[in-house]
Amino acid sequence: MADPDYTSYLRLLRDFWGEFRSVQRRQTPGRIPRLLMHTQRAALVALCHYPNKKMSSKPVYRRINWILLFNQTLMFISMVCGVHESSSIIDMGDDFVWLIGLGLICTKSYCMHARATEIDEVIRDLAYYDEVVRPIHDDEEILKWQRYCYMGEAYFGIGIFSLVNAFSLAILLQPLLGEGRLPYHSFLPFGWHRQALHPWTYRIAFGWLSVNSLHNLSTILFVDLLGISTILQTALNLKLLSIELRRLGDLGSVSDNQFHVEFCRVVRYHQHIISLVDKSNRAFYITFIAQMIASFAMISISTFETMVAAADDPKMAAKFVLFVMVGFVQLSAWCVAGNLVLSLSGEVGQAAFEISDWHTKSASIQRDIAFIMLRAQKPLFYVARPFMPLSLGSYMIVLKQCYRLLALLRESM
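**Structural notes on the overall build of the protein chain**
Here comes step 1: Along the protein chain, the regular secondary structure elements total 13 helices and 0 strands.
Here comes step 2: The dimensions of the protein chain, computed from C-alpha atoms along their principal axes, are 85 × 55 × 35 Å.
Here comes step 3: Here the protein chain, with 413 residues, has 49% of them falling under the buried criterion.
Here comes step 4: Partitioning the intrachain contacts of the protein chain with sequence separation of at least 6 by distance along the chain shows that 79% fall at a separation of at least 24.
Here comes step 5: Total accessible area on the protein chain is roughly 19900 Å²; 64% of this is exposed by carbon and sulfur atoms.
Here comes step 6: When the 39 basic and 34 acidic side-chain charges of the protein chain are each reduced to a single mean position, those positions are 4 Å apart.

**Overview of the layout of surface pockets**
Here comes step 1: Counted as a void, the largest pocket has a volume near 750 Å³.
Here comes step 2: Lining the largest pocket are 33 residues, and of these Val-164, Phe-167, Leu-217, Val-326 and Gln-330 sit closest to its centre.
Here comes step 3: Going through the elements one at a time, helix 4 (59-81), helix 5 (89-125), helix 7 (140-173), helix 8 (199-247) and helix 11 (314-353) are the ones with two or more residues in the lining of the largest pocket.
Here comes step 4: The class makeup of the residues in the lining of the largest pocket is 28 nonpolar, 4 polar and 1 charged.

**Focus on the nonpolar core**
Here comes step 1: In this structure, Tyr-50, Ile-119, Leu-245, Tyr-269 and Ile-369 are the most contacted members of the largest nonpolar core, which totals 113 residues.
Here comes step 2: Ranked by residue count, the leading element in this core is helix 8, at 20 residues.
Here comes step 3: The residues contacting Leu-245, other than those within four sequence positions of it, are Phe-263, Val-266, Val-348, Ala-351, Ala-352, Ile-355 and Ile-372.
Here comes step 4: Grouped together as the second largest cluster of nonpolar side chains are 8 residues, Phe-16, Ile-32, Tyr-150 and Ala-154 included.

**Remarks on the environment of Phe-161**
Here comes step 1: By the element assignment, Phe-161 lies in helix 7.
Here comes step 2: Spatially, the C-alpha atoms of Phe-161 and Tyr-9 are 19 Å apart, while their sequence positions differ by 152 residues.
Here comes step 3: Once you skip the residues sitting within four places of it in the chain, Phe-161 turns out to touch Leu-221 and Phe-222.

**Overview of the pattern of salt bridges**
Here comes step 1: A full pass over the atoms with the stated rule returns 12 salt bridges.
Here comes step 2: Linking Arg-41 and Asp-120 is a salt bridge whose minimum nitrogen-to-oxygen distance equals 2.7 Å. Note that Arg-41 is positioned in helix 2 (residues 36-46) and Asp-120 in helix 5, a separation of 79 residues in sequence.
Here comes step 3: Exposure remark for Arg-41: the relative accessible area of 5% places this residue in the buried category.
Here comes step 4: Since its relative accessible area comes to 7%, Asp-120 is described here as buried.

**Points about the side chain of Thr-230**
Here comes step 1: For Thr-230, the position within the fold is in helix 8.
Here comes step 2: Judged by relative accessible area, Thr-230 falls into the buried class, the value being 0%.

**Describing the packing of aromatic side chains**
For any pair of aromatic rings, the description rests on two quantities: the centre-to-centre distance and the angle between the ring planes.
Here comes step 1: Applying the stated criterion to the full structure yields 14 aromatic pairs.
Here comes step 2: Measuring from ring centre to ring centre gives 5.6 Å for Phe-288 and Trp-334, while their planes differ by 80°; the resulting arrangement is edge-to-face. Remark: Trp-334 occurs in helix 11 and Phe-288 occurs in helix 10 (residues 285-312); sequence separation between them is 46 residues. The exposure classification of Phe-288 matches that of Trp-334, with both residues buried.
Here comes step 3: An aromatic cluster is built from Phe-16, Trp-17, Phe-20 and Tyr-155, whose rings are joined through pairwise contacts.
Here comes step 4: Arg-203 extends its terminal NZ or CZ atom over the ring of Trp-200, reaching a point 4.8 Å from the ring centre.

**Focus on unusual backbone geometry**
Here comes step 1: With omega at 10°, the peptide bond leading from Arg-385 into Pro-386 counts as cis.
Here comes step 2: When you line up the elements, Pro-386 lands in the loop between helix 12 (363-376) and helix 13 (392-412).
Here comes step 3: The backbone of Cys-48 sits at a positive phi, close to 65°, despite the residue not being glycine.
Here comes step 4: Looking at the secondary structure, you find Cys-48 in the loop between helix 2 and helix 3 (53-56).
Here comes step 5: For Cys-48, a relative accessible area of 11% corresponds to the buried category.

**Quick look at the confidence of the model for the protein chain**
Low-confidence regions, as indicated by low pLDDT, have predicted coordinates that should not be scrutinised in detail.
Here comes step 1: Per-residue pLDDT for the protein chain has a mean of 84; in total, 95% of the residues score no lower than 70.
Here comes step 2: Least confident of the elements in the protein chain is helix 13, whose mean pLDDT is 78; most confident is helix 2, at 92.

Calculation criteria
Residues numbered from 1 in each chain as written. Predicted model: local features only at pLDDT ≥ 70, side-chain atom pairs only at ≥ 80, totals over all residues. Heavy atoms only, no water. Helix = DSSP H or I, 4+ residues; strand = E, 2+ residues; numbered from the N terminus. Buried < 20%, exposed > 50% of the residue type's maximum accessible area, 1.4 Å probe, protein only. Contact = heavy atoms within 4.5 Å. Areas by Shrake-Rupley, 256 points an atom, 1.4 Å probe, with all protein chains shown as cover. Lys, Arg positive; Asp, Glu negative; His and termini not counted. Charge placed at Lys NZ, Arg CZ, Asp CG, Glu CD. 1 Å grid on protein atoms, 1.4 Å probe; cavity = no way out; pocket = protein on both sides within 12 Å on 5 of 7 lines; lining within 4 Å. Points joined across faces, edges and corners; volume = space filled by probe spheres on them. Nonpolar A, V, L, I, M, F, W, Y, C, P; charged D, E, K, R; others polar. Core = buried A, V, L, I, M, F, W, Y, C linked by side-chain atoms within 4.5 Å. Salt bridge = Lys/Arg side-chain N within 4 Å of Asp/Glu carboxyl O. Phe/Tyr/Trp six-rings, centres within 6.5 Å; stacked < 30°, edge-to-face > 60°. Lys NZ or Arg CZ within 6 Å of the ring centre and 35° of its normal. pLDDT = per-residue confidence, 0-100.

Listed below in structure tokens is the structure:
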């Protein structure tokens, strides 16, 4: 869908459940309605955190987006100012974990503000297979893999959406169990955050932080889903490329010229995927860097605070365990998706080698097949340099570094 308006995006959100159920109930493979990324983008537009070229042309939407970004920044500053009131290392660790989370949300929100139009181009490029390579096809194997990817993204998104809403509810209900507490440890001028001194401003602050919490958690949820879906769709395209390469051997006794035409079509598809990965790395560059730093910091601090609070404050220890789980889930989702691209990009060369009877073709065709096998030896990966690529190897390195930092902190206590 090209340049839809705000109402069209809302209609996409409304129609998601019906589309999901229709794909889920389908007995035989068939075309999916649209990429799930369109729905994820629609959610960000509805949250006013996706000012692409079309939406930025609307002054009201642009102003609301700036107001929301300013509001996030103001909330972050108020939480930073509240750190000095921490009375113990456990409370300070709690403040730091929340600051890391909110800092990650703010960074990704500003990234969406700056890169929304580029991400639109990435989403359009991901439809290359169905629009250019095979505009009309009923291949059951290809349709099966497209359905698997759609259902995997949908189930993952629905599950994470449920967990985030439960997490939001826990954040808002927890202060009600204490006396005069806000959802987050924030500092406001003139003591407005203290219920005993200013009960009315305290209620306003409570409502402001609660609404911001729901909005911010929804924002980072759909930003992450959009980024992870980009990586998963890239992996799907690599899988379809491997299938297309193997199918070249099924052309039978066609002439070398006809084989070369089909082979060039598949090579263009491969080159498109390579350029797509480069474009995605540029569009999500800040997001990748922020995610790696925040995950490392959150896992390290939360695990250290869990050990400190385990004996004296089991309730806080359980809270930090929850933070550790959040950090693990977030980092795992990015790294597992990135590892799929890394592994499937290497299978392209194997698929080219498995083209049946390729050795009977002309020397020029054999040379072209050798070139694609040579290019496939250089793996594709999602990365934000100078950091490591998103892969299971990087995931293990992050965990090892967290362990070393924890051991150092433990010895210094």
